[in-house]
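Structural characterization, general
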Amino acid sequence: MSQHYKLHRVREMAEGDEDFVAALAAAFIEEVPEDAQRLRIAVPAKDYKEVYQAAHKMKPTIDLFELGVLDTLIEVQDWGKLEQTDKIVDEQLIVVLTAVDNAVNEIKADFGL
């Protein structure tokens, strides 16, 4: 259980309410893959605004579930925010998307979603 994410901060926030933990896990499954898909399309298209918005929206949840890729996600976000045309973030995107996919699959299995 939870090799690709951690629930320590989630449980701390939930103050022992396991229904709340489950609700946050369900919200993760509902929101994060959608934003990851936005990144999957926007980075190759060099849609900087979309990249920034999607990455920025994902940050708190990625941080809360401690996927271990927050700094990498911030690199992708900043690429979009600053329109860093001289920089390529394909490798960073792969790292973030892989972490999200792994966490999503594990959360679905762990919470029966």
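Note that the coordinates shown come from a computational prediction; the quantities given were computed from them, not determined experimentally.

**Brief notes about the pattern of salt bridges**
Tallied over the full model, the rule gives eight salt bridges. The partner of Asp35 in a salt bridge is Arg38, with the nearest N and O atoms 3.1 Å apart. Of this pair, Asp35 and Arg38 both sit in helix H2 (residues 18-45), separated by three residues, roughly a single helical turn. Its relative accessible area of 2% is what places Asp35 among the buried residues. Of the charged contacts in the structure, one is a salt bridge between Asp101 and Arg40, with a shortest N-O distance of 3.4 Å. Residue Asp101 is found in helix H5 (residues 90-111), and its partner Arg40 is found in helix H2; the two are separated by 61 residues along the sequence. When its relative accessible area of 36% is taken as the criterion, Asp101 is described as partly exposed. When its relative accessible area of 33% is taken as the criterion, Arg40 is described as partly exposed. If you follow the salt bridges from partner to partner, you end up with Glu31, Asp35, Arg38, Glu50 and Lys57 in one network.

**Some details on unusual backbone geometry**
For Glu66, which is not glycine, the phi torsion reads 45° and is therefore positive. Within the secondary structure layout, Glu66 lies in the loop between helix H3 (48-64) and helix H4 (70-81). In this model, Glu83 sits at a positive phi of 45°, which is unusual for a non-glycine residue. Inspection of the secondary structure assignment puts Glu83 in the loop between H4 and H5.

**Points about the confidence of the model for the protein**
On average, residues of the protein carry a pLDDT of 95, and 99% of them reach 70 or more. Element-level pLDDT for the protein is lowest in helix H1 (residues 8-14), with a mean of 92, against a maximum mean of 97 in H3.

Here is what the cut-offs are and how they apply
- Residues numbered from 1 in each chain as written.
- Predicted model: local features only at pLDDT ≥ 70, side-chain atom pairs only at ≥ 80, totals over all residues.
- Heavy atoms only, no water.
- Salt bridge = Lys/Arg side-chain N within 4 Å of Asp/Glu carboxyl O.
- Helix = DSSP H or I, 4+ residues; strand = E, 2+ residues; numbered from the N terminus.
- Buried < 20%, exposed > 50% of the residue type's maximum accessible area, 1.4 Å probe, protein only.
- pLDDT = per-residue confidence, 0-100.

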